[in-house]
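# Observations on chain architecture
The primary structure of each chain is shown beneath.
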Amino acid sequence: MKRNSYGKTTDTITKVAIGALVVAIIGVIGYTALQFYNMPEYRTEREMNALAKDYYENYFYDKFVNNLGDNSLFDAMGKFQENGMERVYLRQLLVFDEDRGGKLREVFDTAHYKCNTNTSYIKYHPKEPYGKTDYTYEVNLACKES
């Protein structure tokens, strides 16, 4: 009895077609993930979180410690642990680092998505032992599609 064989050419074409299909599926998944990653809602939230961390750890904390005077860090920060510090508004965050703030304005104020810099804020809550990275924060973004 004779077996039917499709040959090596057909097997190669099938493997190439399956490979191309897999690459196409991965490309579509990657493109979709990139679109979600760059959605204005997610992008502004990511940038606000990065800005909050940068502001507290590289600007505010050092200024706060340098201005303590005779007060101890424990006493000064302890007052804010439960209720948090004063709100830091987005408009303030955008000007504390002129180089970075100018670039970030484009993230928070686009033709299709705008954040209110007067009502969007971060509120910090320091935690013991009150080091540079010992804190939590709340983010309130007031943004809307236009």
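Check the entry above for the structure.
For the structure given in this document, a descriptive report is provided here.

Analysis parameters
- Residues numbered from 1 in each chain as written.
- Predicted model: local features only at pLDDT ≥ 70, side-chain atom pairs only at ≥ 80, totals over all residues.
- Heavy atoms only, no water.
- Disulfide = S-S within 2.5 Å.
- Helix = DSSP H or I, 4+ residues; strand = E, 2+ residues; numbered from the N terminus.
- Buried < 20%, exposed > 50% of the residue type's maximum accessible area, 1.4 Å probe, protein only.
- Expected span 1.5 Å × (residues − 1).
- Bend = angle between axes of the 7 residues up to and from the residue.
- Patch = residues over 30% accessible without salt bridge, like charges linked within 9 Å, V, L, I, M, F, W, Y side chains within 5 Å.
- Areas by Shrake-Rupley, 256 points an atom, 1.4 Å probe, with all protein chains shown as cover.
- Salt bridge = Lys/Arg side-chain N within 4 Å of Asp/Glu carboxyl O.
- Core = buried A, V, L, I, M, F, W, Y, C linked by side-chain atoms within 4.5 Å.
- Contact = heavy atoms within 4.5 Å.
- Phe/Tyr/Trp six-rings, centres within 6.5 Å; stacked < 30°, edge-to-face > 60°.

Our next topic: the state of the cysteines. A covalent bond between the sulfur atoms of two cysteines is referred to as a disulfide. One pass over the structure, following the stated rule, counts one disulfide. Here Cys115 pairs with Cys143 through a disulfide, and the sulfurs are 2.0 Å apart. Taking the torsion about the S-S bond as the criterion, the Cys115 to Cys143 disulfide, at about 100 degrees, is right-handed. Of the two residues, Cys115 sits in strand 2 (residues 113-115) while Cys143 sits in strand 5 (residues 143-145), which places them 28 residues apart along the sequence. Given the relative accessible area of 23%, Cys143 is considered partly exposed.

For the α-helix, the turn length of 3.6 residues means that residues three or four positions removed from each other point alike. Over its 27 residues, helix 2 (residues 40-66) extends 37 Å from the first C-alpha to the last, a length consistent with the 39 Å expected when each residue adds 1.5 Å. Of all the bends in helix 2, the largest measures some 40 degrees and sits at Phe60.

The next point concerns the environment of Asp11. With respect to the helices and strands, Asp11 occurs in helix 1 (residues 7-37). With 80 residues separating them along the chain, Asp11 and Arg91 place their C-alpha atoms 63 Å apart.

So, on to unusual backbone geometry. With an omega of 10 degrees, the peptide bond running from Glu128 to Pro129 counts as cis. Structurally, the position occupied by Pro129 is in the loop between strand 3 (121-126) and strand 4 (135-140). Positive phi, normally seen in glycine, also occurs at Tyr130, with a value near 65 degrees. Here Tyr130 shows up in the loop between strand 3 and strand 4.

A word on a nonpolar patch on the surface. A surface patch of nonpolar side chains, amounting to about 280 Å² of accessible area, comprises Ile18, Val22 and Ile26. With respect to the element layout, Val22 can be found in helix 1.

If you look at the biggest cluster of nonpolar residues, it comprises 25 residues, and the most contacted ones within it are Leu51, Tyr56, Met77, Leu90, Leu93, Phe108 and Tyr124. When contributions to this core are tallied by element, the ones reaching two or more residues are helix 2, helix 3 (73-78), helix 4 (90-96), helix 5 (98-108), strand 2 and strand 3. Here this core gets seven residues from one element, more than from any other, and that element is helix 2. In contact with Met77, other than residues within four places in its own chain, are Tyr56, Tyr61, Phe64, Met85, Pro126 and Tyr130.

What follows covers the environment of Thr10. Turning to its location among the elements, Thr10 is positioned in helix 1. Sequence-wise, Thr10 and Tyr137 are 127 residues apart; in three dimensions their C-alpha atoms are separated by 61 Å.

Another point: the packing of aromatic side chains. Here the distance between the centres and the angle between the planes together describe a pair of aromatic rings. Taken as a whole, this structure holds 16 aromatic pairs when the rule is applied. Aromatic pair Tyr56 and Tyr124: ring centres 4.9 Å apart, planes at 35 degrees, arrangement tilted. Here Tyr56 is found in helix 2, whereas its partner Tyr124 is found in strand 3, with 68 residues between them in sequence. Each member of the pair Tyr56 and Tyr124 is classed as buried. Taking the centre distance of 5.6 Å and the plane angle of 35 degrees together, the rings of Phe60 and Phe64 count as tilted. Taken together, the residues span about one helical turn, with Phe60 and Phe64 both in helix 2 at a distance of four residues. The exposure class of Phe64 is buried, given its relative accessible area of 17%. In this structure an aromatic cluster arises from ring pairing among Tyr55, Tyr56, Tyr59, Phe60, Tyr61, Phe64, Phe80, Phe96, Tyr124, Tyr135 and Tyr137.

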